[in-house]
Amino acid sequence: MSKPESSSRYASPRYPSKIAFHVLSLASPKPGEAVLDLCTGIGTSLLPSALAVGPAGRGLGIDFDEDSLAEARRAIEREAVGAWTDVRRSDVDEMRWEEEEGRWDAVTVVSGIMYVDEERLLQGVHRALRPGGRVAFSSLTADSLAFDHLTALAKSVNVDLPTPASTLNSPSSITSTLVRAGFSPSNIKIETVPTPSLYTAAEWRSSSCGGGTGSGRRRILIEDVLRRVGKLGGKEAERFVREGWKDWEESKAREAEGRGDGRSRDPTAHLYTLAWKD
């Protein structure tokens, strides 16, 4: 298994998503490879992958939300990668994985894995990968401040978000899920990454829409939250996250001074996982 590449290789002002860059640095798409991007959204991770694999490769993005895919198609045209890159509207939870068997060198899922049937998805991904192929995805830690901020943001536009998948919220639970899907424990790498400044106004829509709809269960997140917030130019998202981290810092300071209530939490918000098939 080759060493993951620096995420800076995939950085682009047009696709400002730290989450996507980190996932791509683990997946490390190479020239000539076939890459499947699930819950592709507006193409935040698909487009950098397409540029990495080049004309000799292939890129395909899958998502449930047609409006997001329309934006991804425009990006494909803008980047002139349409000869080897496409998107397809499909519910990830209803994918026929037997039709994808052994077709892909890499599969990426940015955030959207938390809102689909992750057990079925990872079993299908294992089937779809070629020998030596890898899957990379991001998820939130249990009791994550990042999800608290997203929930608060959703409530500001009168939406109650569903709780993300509980089986991918710790290294041990991720490992167990991947092993059940067919991956070897020795072929799994998990990173925990503090993300206190994850969402700036510019990153908000790219990171969250880039996570994609995936299935009907996630549609509420895209349609009822991001589009309403998008009308505000991402400023509300930035404000919620900034204030959330300020609250956390103040609670830690109170604890350090012996005035805490014992309820402050570690800032680690994201888990990044890489697994490869024997």
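Residues numbered from 1 in each chain as written. Predicted model: local features only at pLDDT ≥ 70, side-chain atom pairs only at ≥ 80, totals over all residues. Heavy atoms only, no water.

A. Representation of the confidence of the model for the protein in the model. In this model, the protein carries an average pLDDT of 75, and 58% of its residues clear a pLDDT of 70 or more. Throughout residues 196–211 the model reports pLDDT below 50, and contacts reaching past four residues in sequence, or to other chains, amount to 58 contacts. For the stretch residues 229–233, pLDDT sits under 50, and the model shows 5 contacts to residues farther than four places along the chain or on other chains. (pLDDT = per-residue confidence, 0-100. Contact = heavy atoms within 4.5 Å.)

B. Examining the packing of aromatic side chains more closely. Scanning the entire structure with this criterion turns up 0 aromatic pairs. Taking the ring centre of phenylalanine 64 as reference, the NZ or CZ of arginine 89 above it sits at 4.8 Å. (Phe/Tyr/Trp six-rings, centres within 6.5 Å; stacked < 30°, edge-to-face > 60°. Lys NZ or Arg CZ within 6 Å of the ring centre and 35° of its normal.)

C. Up close: the environment of alanine 142. Within the secondary structure layout, alanine 142 lies in the loop between β5 (129–140) and α5 (145–156). For the pair alanine 142 and serine 170, spaced 28 residues apart in sequence, the C-alpha to C-alpha distance is 6.7 Å. (Helix = DSSP H or I, 4+ residues; strand = E, 2+ residues; numbered from the N terminus.)

D. Up close: the nonpolar core. Grouped together as the largest cluster of nonpolar side chains are 32 residues, with contacts concentrated most on Leu38, Ile113, Leu121 and Phe137. Where this core is concerned, the elements lending two or more residues are β1 (34–38), β2 (58–63), β4 (104–109), α4 (118–128), β5, α6 (171–181) and β7 (268–276). Sequence-distant contacts of leucine 38, defined by excluding residues within four places in its chain, comprise Ile62, Met95, Trp97, Val107, Thr108, Val109, Val110, Leu121 and Val125. Ranked by size, the runner-up nonpolar core spans 13 residues in total, among them Leu46, Leu47, Leu69 and Ile76. (Core = buried A, V, L, I, M, F, W, Y, C linked by side-chain atoms within 4.5 Å. Buried < 20%, exposed > 50% of the residue type's maximum accessible area, 1.4 Å probe, protein only.)

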